[in-house]
Amino acid sequence: MVQFHEHMISDLIEEPPNGSGLVVLSSGLALSKLISSLLLLHSPSQGTLLLLSPPSSSSLKSQVLHYNNHTIGEISADLPAHQRLSLYSSGSAFFITARILIVDLLTSKIPTSSIAGIFLLTAHSLSETSTEAFIVRILRSLNKNAYVRAFSDKPQSMVSGFAKAERTMKCLYIKRLHLWPRFQVYVSQELEKDPPDVVDIRVPMTKLMVGIQKAIIEVMDACLKEMRKTNKVDVDDLTVENGLFKSFDEIVRRQLDPIWHTLGKKTKQLVSDLKTLRKLLDYLDRYDAVTYLKYLDTLRVSESFRSVWIFAESSYKIFEYAKKRVYRFVKSDGTKWIGPSKISTGKKRKLKGGNDNEEAGGTSSSHTNISIVLDEVLEEAPKWKVLREVLEEIEEERRKQASTTEELLVGGGEDDSGIVLVACKDERSCMQLEECITNGPQKVMREEWEKYLLGKIELRDLHTRYKKKPKDPKGFGILDGVVPISPAKNVEPSSINKQEHDALVAAASEIRNRVKNDDVGNDPQPHVNSKGGGKGKGKGKGKARNKKGPTNANSGRIKDNRSNKIKKSSGDESDSENEADPSVAGGAWEATCQDASIDKGVLRKHTEAADATGSGTAKPLPPVHFYALESGQPILDILKPSVIVVYHPNMTFVREIEVHKAENPSKKLKVYFLFYEDSTEARKFEASIRRENGAFESLIRQKSMMMIPVDQDGYCLGLNSSVELQATPSQNSLTRKAGGRKEVEKEMQVIVDMREFMSSLPNVLHQKGMRIIPVTLEVGDYILSPLICVERKSIQDLFMSFTSGRLYHQVETMVRYYRIPVLLIEFSQDKSFSFQSASDIGDDVTPNNIISKLSLLVLHFPRLRVIWSRSLHATAEIFASLKANQDEPDETKAIRVGVPSEEGIVEDDVRAENYNTSAVEFLRRLPGVNDSNYRAIMDGCKSLSELALLPVERLSELMGGQKAARTLRDFLDAKYPTLL
Amino acid sequence: RNAILVSHRQKGNPLLKHIRNVRWAFADVVCDFLLGQSSCALYLSLRYHLLHPDYLYYRIRELQKTFKLRVVLCHIDVEDVVKPLLEVTKTSLLHECTLLCGWSLEECGRYLETIKVYENKPADIIQGQMDTDYLSRLTHALTTVRHVNKTDVVTLGTTFGSLSHIMDASMEDLARCPGIGERKVKRLYDTFHEPFKRVV
C-alpha cells in the first residue's frame, strides 16, 4: 500500500454514516489495492460486506481477489437459497451481482440488519434508474447504518451528461465526494519522489504506414464533414482528435440518440463508418502488415456495399498501401509492374472501362511470356526491430554489470529478479512478439503470409469444387486489387485482377508444394538434428512450425501451451526454454530454407546471425515475459520485473508502474516506451492524459457547487416518502370528487420476471410505491392483475424481436393464457418519441416497415392491447392507473402459466440464472432447432461445443426426427462460403 | 369491397389526403373507418382529446361489439404527451380497443392503408422467417453472442471454415482472429463451452 492510499482510506472512513462516500481516482492508481486494504479493515463483527460488481469488471475483481489471497467468497445464483442466507449473515465479505442481490432483497431473503455495507465498484456506470440505485434505496430504508462506498477509476465517464457525479451521489444517498486525481498533491509527491528511469524511444513509421495513417485520417475527416452536413450534430466536438477515442461514439450517439429513429440510413452508416475507421487506425499500430491486409479484406467483404467510406478516394489508398506493405507485382523481366499504381490514381468508375481497354495489351503481354511475378515485400513492424535492439541492450548492460560485481549478483539477483516485462495491448500481439523474438521477425511475417496465401488458395479450391455462384459481382469492379477470386465464369479472365490473382495463387501453391516437400525432406537432415544437441523437443517444435496445412493447428496449440507456460512459470524454467529456442528453431528453419530453395538473401543472413549469436554465447536476449494489458492481471506485483518495455503505451499502465515503483522505492526499475513517431498512437496517449485531467477539473468545479440534500442519511426514505410525494398532488382532485375523503392506501403489487431486472422499470415501479415480486415467468414480463399480462419492449427490442419472430410467439402465448394481453412499447426518455419521421415513410406499403409489421400483429391478434409509453416514468404511471380497479395478481399462478407440463418439477426461482442464456439463444437460432426440440437437445448434451461433435444419428434421436437432425448437422458442417 | 369506408364525420379530415394506396369512399358507418369485415378504426387527434376528453369514450360505446379488431388511431400532435396519452391508453385498453399511435398524418394514413391491404395476409413476415441463405443464418446465430458483429462473423467463418469448427475452437485460436478482442473471445468461448444448464 502506498501512502496516498492511506490518506484515501482515512478520508473515506471518517465520513458518516460509517464512512459512506463516492471515490473517484485516476485510472491506474491501484483501485484494486485500495479496495483490498479496505477489505482488510473489515471485521466480521460489523456484519456482512457485499461487493457489487458487474460481470464486465471481472479484471478488477480478479485483482482484488489476488491481493486478498482469494479469501473473498462469491454469492452466485448457483447456491441454493438457504445457503445464501447463511452467507448473508456470516459477516464476511462477498462478491455479488446486482441482479441476485435485488431479487434477494425484494423477496426479503437477506437479513438486512446484518449487512455492514456495500461497495459499488463501478460507480461511473450508475444512474438513478439502475438496479444498484434500487438496491441502495431498499437497503437504506431497511438498515440506516449500513454504509455505501462507491468507487470509480474512470473520471471521464463521471462527467458525461449533466451533473452526473451529483446525480449519482443523490441516488446512492452519499454526501461526500472524494477526488484523487494524479495531480493531487499527495499523489504526485509520492509518485514523483523516486520515479523510475524512463527511456522514451520514438520509432519512425515506414512510409507506407504513414501513408495509410494519412489516408485513414483523410477519410475520417471526410466522414466528419459529411456528418456536419447533416446538421444533426454539434460541430465543435467533431474533430479527428476526438475521433480517435472510443468515447467519440458516445458523444455522437448522445447527440443523435434523441433523433436516432428519424435519421436517414446514410447518417447511421457514417456513424458506424467512423467506428470502423477508428479501429483501422488502431490496428495499424498493432497488427503486422499481413494480418492488417487480411482484416481489410474481410472488412471489405462484410461491409462493401453499405459503407460510405469504402467509396471515398483516399480509402482506396488505404487498401493500396496495405497491399504494398505485403507484396507487389514485378514483371518477370524485373521491371516494376506499373499497372496497379496507375489505376490507383484513376477514378474507380472509369477503371472498369479502362481495364477492358488495357486488357488487350494485358492478355497479349501475358501470352508473350512477360507474366507478372509476385514479389513479397512483407514489411515488418518497425517496432519489432527496435524491441529486439532494446532487449539486446538490456542484456548487454546486465552482462556488464554481472562481470563487474559477480558476487553481488547472487545476492542481488533475488531482489532484482531480472525479469524483463513487455507489455502489449492484447494477447495476440503478445504471442506474435514472442515469436518474433524467438524466431526472428522475417519468419513470423512469412508464416502470416503463408497462412494468408493458403487461405486464399483454399477459398479458390472451394470455389471450383462447389461451383458457388460468385457473390456480389457489383462490388467487384470497385474493389479491384486483392479481391482475387475472379471466378472462372468471368468472361475476361486476363484482366489485371486476374493476373494479380494468378500470381497470388501461384505463390500459394508453391508454398503448398514446399510444405509437401518438407515432409518428405525431413529425414535426410541428420546434421541439423545433431546441431540441435540434446534438445530434441525444442527442435521438433521448430520443425512443426515450418510445416503448414495439416500440422498447422497442432503446432499452434503447442506454441500456445508453451507461451502460457512461459508466462506462468517462474524465472529459471522459462530461462532455459528461451535460451534453447532461438538457436534450435533458427537452425531448423535455415535447413528447411535451403531445402526448399526459395530463400531470400536477407532471410539467410538473419538466420545465420541468429545462429552465430546462439551458438557463440550463452544467450543473446534476456528472458522476457509478455503481458497483455487487456487481461488485467496485477502483473507488476506478481512478477516484480526490473525492466519494463511498454510496447503499446497506455496511461493506466504507466500509472501502475508509477505506483509499483512508489511501493518499492529501493528497487531499480527501468522503463522503455516505444512510440511510433508522429503517430496517432502517441497522440492518443497524450490526449488521454489531457482528457482525464479535464475530467477532474470539471469534477472539482462540480464539487464546489454541488447541492446535496440534508436528508441524505436516509432517515425519511423508503416507500413512505415516495408515496407521500405522490399523494399530495392527487389529493386536490380527490377533494372534488369525494369531498376530500382519504382513500385507504393499499399496496399495489406487480409480479416481475427475473430477467426484467436488467432494465430499470422495476426500480421505477418501486419508487412509485408498488411492491415488486420477482419470479421467473414463462409468459410475459409483468403481471399487473390476474387478467393483465404485459410484454415490455424497448424500441430496439421491438424491431429485433419482430425480425426474429420472437414477438409473434410471445404474443401468441400471452393471448392464450391471459384475458388482457398487453404489448408495452416503451420509448426512452432521451430518444425521440416516434418511429420515423414523416419523410421516411415512403409512398408504398412495404413489408419491412415497422408500421406494416405492427399492423399485421394487430390484425392477427385483435385481442392484443398496445401501450405506448413515453418513458419509464410514464410506464409506471400507466401501470398504476391500469391496476386501480383490478385485483392483485397471484404469484404462484403466474409462475405456473405456460410452463410446459413435461418438466413438472417446481422450478427454483432463480432459473434464469441457471441457464447459459446466450448459448440457449444461440441453439434456438440454429436451423432445425425449434421450440419443441431444443429442450431435449439441452438435456442430451452439455454444451454447444459438445453438440458440434454429435453424429447425425444421435442428433436425430434427440431431436426426434431425421430431417431436423440432418438440417442441423449439415448447417454445422457446411463449408463457409467464400466471399473473398 | 376493397375500399375503406369512411364515415361522413371525417369529411374535411386532412388525413384522407394521405390514403393513397387504397381506394376509399364515404359511407354511413358507425366507426370512422371501416377497414374490413370485422375491423374498424376510430381516429383521434390528441389535441382534440385535450379539448373533449369524453369524446373517445362515447365513440367507443357507439361501436358496440360487432367488430373483432377495433383500432383507436391516435394522432400525436401535441408536445406534452404523457398525460393525455395515459388517458387515451386507459380508455382504449379497458374498452377493448387496440391503440395505435402515429406521429404524422402520413403515418396515420399508412396504418389505415396497411391494415386494409394486409387484411388477409398471413403472418409469416413477423414469424421470423428470415433469409435462408447460409451466411445470414450463420450471422443470425453468431450475433446472439454480445458484441459480435457481421465482420466478426466473416472473420470467424473464413478462419475456421465451418460452424462446428468455430464452436470447437480454443480460446487461443479465437484470439488469433483479427478484430476479435479479449472480451469477445471470452464471450464466444463461454457460449460454446459453458454447459446449457448451470445447475450444480
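Structural notes, computed from the coordinates. (Residues numbered from 1 in each chain as written. Chains lettered and ligands numbered in written order. Predicted model: local features only at pLDDT ≥ 70, side-chain atom pairs only at ≥ 80, totals over all residues. Heavy atoms only, no water.)

A count of helices and strands for chain B gives nine helices and six strands. Residues counted as buried form 56% of the 200 residues belonging to chain B. Summed over its atoms, the accessible surface of chain B is roughly 9000 Å², and 50% of this surface lies on carbon and sulfur atoms. (Helix = DSSP H or I, 4+ residues; strand = E, 2+ residues; numbered from the N terminus. Buried < 20%, exposed > 50% of the residue type's maximum accessible area, 1.4 Å probe, protein only. Areas by Shrake-Rupley, 256 points an atom, 1.4 Å probe, with all protein chains shown as cover.)

Right, let's talk about the overall build of chain A for a bit. Broken down by element type, chain A carries 44 helices and 20 strands. Looking at chain A as a whole, 56% of its 980 residues are labelled buried. Considering only contacts in chain A between residues 6 or more positions apart, those separated by 24 or more positions represent 77%. Approximately 42600 Å² of chain A is accessible, and the part contributed by carbon and sulfur atoms is 53%. (Contact = heavy atoms within 4.5 Å.)

What follows deals with the interface of chain A and chain B. The interface is formed by 99 residues belonging to chain A together with 82 residues belonging to chain B. Summed over both sides, the interface of chain A with chain B buries roughly 8400 Å², with 65% coming from carbon and sulfur. At the junction of chain A with chain B, the criterion picks out zero salt bridges. In this assembly, chain A and chain B are joined by 11 residue pairs in polar contact (both at pLDDT 80 or more). Top contributing element to the side of chain A that touches chain B by residue count: helix α36 (residues 850-860) of chain A, with 10 residues. A per-class count over the side of chain A that touches chain B returns 51 nonpolar, 23 polar and 25 charged. (Buried area = accessible area lost by both parts, 1.4 Å probe. Salt bridge = Lys/Arg side-chain N within 4 Å of Asp/Glu carboxyl O. Polar contact = N/O pair within 3.5 Å; in protein donor to acceptor, adjacent residues only side chain to side chain. Nonpolar A, V, L, I, M, F, W, Y, C, P; charged D, E, K, R; others polar.)

Judged by nonpolar contacts, the single largest core of 80 residues is most densely connected at Ile825, Phe835 and Trp868 of chain A together with Phe33 of chain B. With seven residues, α36 of chain A is the largest single contributor of residues to this core. If near-sequence neighbours (up to four positions away) are discounted, Phe33 of chain B is found in contact with Ile4, Leu5, Val6, Gln10, Leu15, Leu16, Ile19, Cys40, Ala41, Tyr43 and Leu112 of chain B. If you look at the next biggest cluster of nonpolar residues, it comprises 68 residues, including Val24, Ile110, Ile115 and Ala880 of chain A. (Core = buried A, V, L, I, M, F, W, Y, C linked by side-chain atoms within 4.5 Å.)

For sheets, the rule is that strands pair by backbone hydrogen bonds, running either parallel or antiparallel. Residue and element names in this part refer to chain A. A sheet is described by the order of its strands in space; here five strands give the open sequence β8-β14-β13-β11-β12, paired in parallel fashion. Either end of the sheet is taken by a strand with one partner, and the two such strands are β8 (197-203) and β12 (624-628). The sheet shows a mean angle of 20 degrees between the axes of neighbouring strands, taken without regard to direction. Relative to β12, strand β11 (residues 420-424) runs parallel, the two being bridged by five bridges. The partner of Cys424 across the bridge, within β12, is Ala628. With respect to the sheet, helix α20 (residues 427-439) is in contact with β11 and β12, its orientation differing from that of β12 by roughly 160 degrees. Packed onto the sheet, helix α30 (residues 651-663) meets β11, β12, β13 (643-646) and β14 (670-676) and runs at close to 170 degrees relative to β13. (Pairing = 2+ DSSP bridges. Axes fitted to C-alpha atoms, helices over the stretch in contact; angles between N-to-C directions.)

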